[in-house]
Amino acid sequence: MRSLHRRLLVVAFVALTLPHVSAQAASPVPASRPVERPAVGNGTPSVSRHPDSFALPPPSAAVRAGLGGVGPFLTRPYWGWHSVNSYFDHCGPDYTIDGRICTVDGVVALRSNGVDPSFTKGYAATPHGTDYIYYDGHNGYDIGLTYEELISAAPGTVTTAGIDPVPYNSCYGQTVVIDHLNGFSTRYAHMSQVHVSIGQAVQRGQHLGVSGTSGCSTGPHLHFSTYSTATWNVIDPWGWLGAPGADPWPYDEGNLWISGNPLDPVPSEPTAAAAVALDSAATVTWQAPTFDGGSGITSYSVTASPGGATVTAPGTTTSVRFPGLANFTAYTFTVTATGAAGTGRPSTASAPVTPRPLAPSSLNLVRPTRLLDTRAAGSPIATLTGVQSVEVQVTGQGGVPASGVGGALLNLTVVNPQADGFLTAYPSGSLPGGTSNLNFPPNQVVANLAFVATGANGKISILSTSAGRVDLVVDLEGWFSDGSGPLGSAGRITPLPPSRVADSRLGLGAGPLTSAGVASVVVAGRGGVPATGVAGVVLNLTVTNTTSAGFVTAYGAAPRPGTSNVNYDRYRTVANRVFIPVDSAGRINLYNGGDAAVDFVIDVSGWISDSSNAALTGGLMSPLPAGRLLDTRLGAAPLAGKGSVAIPVADRLGVPATGARSVLVNLTVTGSAAEGFLTVHPGPAIPLASDVNFRTGQTIANLVLVKIGADGSISVFNASPLPAHVIVDLVAWGS
C-alpha cells in the first residue's frame, strides 16, 4: 500500500487515513441507481452483497459516442486538499461484495490479505499487510471534510436537493445531485446543510451547502460520485490509470478532471513575479497560472508591500505599471488571479525593488557603433514580424561601461517594412508607454534618434507594431550616466535657440554633398556654440534635393564609422536629430552614401561640454517615463497652416516648476493637408530652422532638444500652408 500512497499523492486526492465511511447496501439495487443502506445489527457498518444475477449491461456504442467527446470538466467540489478515506472500487462499484477492492492505479486489495481490525471494510493491499484500502463495492470517493463548504464541481442544474426520493437512496442522507448537461451528473452526499434547490442553475465553484454525517454515515465526510446521466452507470472521474491491463469496470469515460488532477475551481497562483523599479512606480511582471480555474482568468490583482496598495490588470496580460509608490522605499509584489469562481492564492512575493527618481545625468558621446542589424548574417535577432519586442544590450558595448549607465542615445532605423507601423523603445523589464519613437510607411527606410533609459540588465527593449515584416538597425551615439558616480563638468548639455549654421543650397557652411563625398562644417563658435570647451553639438540634420536613395553619416574625427544618421529616398526631404562629437578643429563631417549629390541643412539646438568647463553648472538630463504633452487629434483642431501652438512644460509630467532649462521631446506630424515642416522653439520668435519635414498625409517623427521659454513653455510652428496634426511626447528634461 505504500506504493499506492506515493502514486495517489501525485495523481489522486491523497493517501488513506482512518476512515469516515459510507455504509453499504443491504438489499438488491433497483433498476434505477446504486444505493447506500443503513448499518444493521449492532450498529457496526456492514455490507450485503448484491445477488450474483444482478449485472449492469455494457454501455451501448451510441452512449459511448455521446459521452466520449466531453473531455475533462471537473474541479474539486470543496476548497483545498483533503484526505481520501475510501475509493471507487473498479472491481464492482455497484455494491458487489467480492472480497477485493481495485483502485484507480491498478492496486488490488484482497480480503484474504487481511482485514482492518478496527473497521472490517478495509482490506490489506499486500498479503498479511497492515495498510488498508476502504471499501468493497464503493461507488465513489469519501473525502474527509468535517462540516465544511461544498461547491459545484462544474456548471449544471440541480436535480436533487435534500433526501433523494428514489427508493433506497435515502441512505445518502441530505444530498445534492447536479446534471452538468454534458452527459454526466455528480452527487454530493451526507450533507448537514443543503443551500440550493431543485431546478437551480449553478456555476463552477458555487456554494451548495455544508458537509456532514447525515444518512448512513459513521462520521462527517463527503461522499462524491460521478454518473453517466443517460444510464445512471456510476463511473470513476479518474478513469483508469492502472497498467498494464484494461479497466475492470467497463463504463469509465477517462480522466474527467481539468488539468488531470482535482484542483480548486479558482485559478492557481501566478508564478515568477518580478518587478523593475521606476520613479515613484514599478513595472511588475508574472507568469500566468498553470490552472486558469476552468473558465479563464478574468483579472489579476497586484499587491504592494508595505502598504497593501493594489492595482488591477486584465486577465489577458501578465504585466502592469504600479504607480504611486514612495521613492527610496523597498517594495515586494504579489499577484493573484481571479476567475469566474473567485480569486486564487497569491503568488510568491517578488524580489524587493526600490523606486527612486531617475538621476540627472551627463552625456558621454561615443564613436557611433552599430548594436543591431537584423539584415546581417549571424544577427542574434532575425527580421521582426507583426507585433514583436526585442532586447538590445547597451552596457558593455561600443565604449559603454558595464555599470553606472542610466540611458542611451540610439539611432533607430527601419528598413523596407512590408506595412506601415511604429516603434516604441523603453527600458528592458518595464512596459512600453502609450507613445512611439518612430512611425514608418511601407517600403521605405526611416530613422529617428531615441533617448532610452536602460533596464536593470543594461538592455533596452524595442517594440515593433506592424502588420508585416520589418528589419531594424540600432546605432549607438552616446550614453548617459545613472548619477551613481561623480558628475564632472564634461557631458553637460546647454540648450540653444535653433540656429542655422549650414545650408548647402545657399553655400552656407559648405556646398552640396557629392556621391561618396565628405563635407566638413565648422560648428564651434557659431550659432551660440562656444569656440572652445566643446565636446560635441546637438543638431538637426536635413537632407534635401535627392535624386536617388542613399544615406548620410555624421561624425567627428576620422575614421568614418559604419553607421548612418539620415536615410533618404529620391525626391524626399528627410531630417534627423544628431548628438555628435566635434573634431579638434570644432568641425563635424558628413559622408554621402548615395550615388548622386544631395543638399543638406544643419540647425544647431545645443552643445555638449568637455572637461575644461570647470565652472559649468546645470546641463544634466533627467529621463522621464514617456508622457504625452500634446495630441491635436484628441478633441482639438489640427495645428493651422502658418500657425503656432504654445505647450506648457514646466511643472508637467515630471518636469520641475523651476530649474529646468530644456526638454527633450519626440515630435510627430500626421494627417497633414500639404507638405511642409515643423519648428520647435522657445518664446514667440520663430527662428529660421526646421525639425520635421513632411509630405502630404505623411506620419513622421523626430527627436528635438528645445530650450524652455521664459514662460515655462515651448512652441511648435507649422510652416505648411494647410493644417497638420501634431503629437509631442516628453522624453527628458535638462537642468
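Our subject is the structure listed above.
If you're wondering where the values come from, they're calculated on a predicted model, not measured in any experiment.

Let's talk about the overall build of the protein chain
Assigned secondary structure in the protein chain consists of 2 helices and 46 strands. Over its C-alpha atoms the protein chain spans a radius of gyration of 37 Å, topping by over 25% the 27 Å that the globule rule assigns to 735 residues. Expressed as lengths along the three principal axes of its C-alpha atoms, the size of the protein chain is roughly 115 × 50 × 45 Å. Sequence separation of at least 24 residues holds for 74% of the intrachain contacts in the protein chain that already meet a minimum separation of 6. The averaged location of the 42 negative side-chain charges in the protein chain is 8 Å from the averaged location of its 37 positive side-chain charges.

Some details on the side chain of Ser436
Position of Ser436 relative to the elements: it lies in the loop between β26 (421–427) and β27 (438–440). The residues contacting Ser436, other than those within four sequence positions of it, are Phe422, Leu423, Thr424, Arg628, Asn666 and Asp729.

What about the sheet that holds strand β24 (residues 388–393)?
One open sheet holds the 4 strands; their spatial order is β24-β29-β26-β27, and the pairing between them is antiparallel. Pairing within the sheet leaves two strands with one partner each, and these edge strands are β24 and β27. Going from strand to strand, the sheet's axes swing by 20 degrees on average, the running direction of each strand aside.

As for the state of the cysteines
Here the structure, examined in full by the defined rule, presents 2 disulfides. Each disulfide pairs two cysteine sulfurs, and for Cys91 the partner residue is Cys102, the sulfurs being separated by 1.6 Å. With the S-S dihedral at roughly -65 degrees, the linkage between Cys91 and Cys102 falls on the left-handed side. Of this pair, Cys91 sits in the loop between β1 (84–86) and β2 (100–102) while Cys102 sits in strand β2, and the two are 11 residues apart along the sequence. Overall, Cys91 belongs to the buried group, its relative accessible area being 14%. Residue Cys102 is classed as buried on the basis of its relative accessible area, which comes to 3%. Two residues share a disulfide in this structure: Cys171 and Cys216, whose sulfurs sit 1.6 Å from each other.

Side note on the nonpolar core
Tyr141, Val176, Tyr188, Leu208 and Leu222 are the most contacted members of the largest nonpolar core, which totals 44 residues. Excluding its chain neighbours within four sequence positions, the residues that come into contact with Leu222 are Pro77, Tyr78, Tyr141, Asp142, Ile143, Leu145, Leu150, Tyr188 and Ala189. Val501, Ala510, Leu539 and Ile588 belong to the second largest nonpolar core, which has 29 residues in total.

Structural notes on the pattern of salt bridges
By the definition in use, this model includes 16 salt bridges. The closest approach of N and O atoms between Arg500 and Asp603, which form a salt bridge, is 2.7 Å. With Arg500 in strand β31 (residues 493–503) and Asp603 in strand β38 (residues 599–609), this residue pair connects regions lying 103 residues apart in the sequence. What you see here is one network of salt bridges that share partners, running through Arg76, Asp264, Glu269 and Arg345.

Comments concerning the packing of aromatic side chains
Following the criterion strictly, the structure yields 14 aromatic pairs and no others. Ring geometry for Phe551 against Tyr591: centres 6.3 Å apart, planes inclined by 55 degrees, an arrangement best described as tilted. With a gap of 40 residues between them, Phe551 in strand β34 (residues 550–555) and Tyr591 in strand β37 (residues 587–592) connect regions that are remote in the sequence. Relative accessible area serves as the criterion here: at 26%, Phe551 is assigned to the partly exposed category. Accessibility expressed as a relative area gives 14% for Tyr591, which makes it buried. Three or more aromatic residues joined by ring pairs form one cluster here, namely Tyr188, Phe224, Trp238 and Trp257.

Concerning unusual backbone geometry
Note that the residue after Ser305, namely Pro306, is joined by a cis bond; omega there is 10 degrees. Among the structural elements, Pro306 can be located in the loop between β17 (297–305) and β18 (310–314). Here the residue pair Ala558 and Pro559 is connected by a cis peptide bond, since its omega of 5 degrees sits within 30 degrees of zero. Examined against the element boundaries, Pro559 turns out to sit in the loop between β34 and β35 (566–568). Look at Tyr147: it is not a glycine, yet its phi comes out positive at around 55 degrees. Mapped onto the fold, Tyr147 is located in the loop between β6 (141–143) and β7 (149–151). Classification of Tyr147 by relative accessible area gives partly exposed; the value is 46%. Of note in this structure, Asn443 is not a glycine but carries a positive phi near 60 degrees.

What to know about the sheet that holds strand β36 (residues 574–581)
In a beta sheet, neighbouring strands are held together by backbone hydrogen bonds and run either parallel or antiparallel to one another. Read from one edge of the open sheet, 4 strands run β31-β38-β33-β36, paired in antiparallel fashion. In the strand order of this sheet, the two ends are held by β31 and β36, each with one partner. Within the sheet, the average angular offset between the axes of one strand and its neighbour, ignoring direction, is 20 degrees. Alignment of strand β33 (residues 534–544) against β36, held across 8 bridges, turns out to be antiparallel. Each residue of the ladder has a partner; that of Val538, found in β36, is Phe579.

Rules behind the numbers
Residues numbered from 1 in each chain as written. Predicted model: local features only at pLDDT ≥ 70, side-chain atom pairs only at ≥ 80, totals over all residues. Heavy atoms only, no water. Helix = DSSP H or I, 4+ residues; strand = E, 2+ residues; numbered from the N terminus. Rg over C-alpha atoms; globule rule 2.2 N^0.38 Å. Contact = heavy atoms within 4.5 Å. Lys, Arg positive; Asp, Glu negative; His and termini not counted. Charge placed at Lys NZ, Arg CZ, Asp CG, Glu CD. Pairing = 2+ DSSP bridges. Axes fitted to C-alpha atoms, helices over the stretch in contact; angles between N-to-C directions. Disulfide = S-S within 2.5 Å. Buried < 20%, exposed > 50% of the residue type's maximum accessible area, 1.4 Å probe, protein only. Core = buried A, V, L, I, M, F, W, Y, C linked by side-chain atoms within 4.5 Å. Salt bridge = Lys/Arg side-chain N within 4 Å of Asp/Glu carboxyl O. Phe/Tyr/Trp six-rings, centres within 6.5 Å; stacked < 30°, edge-to-face > 60°.

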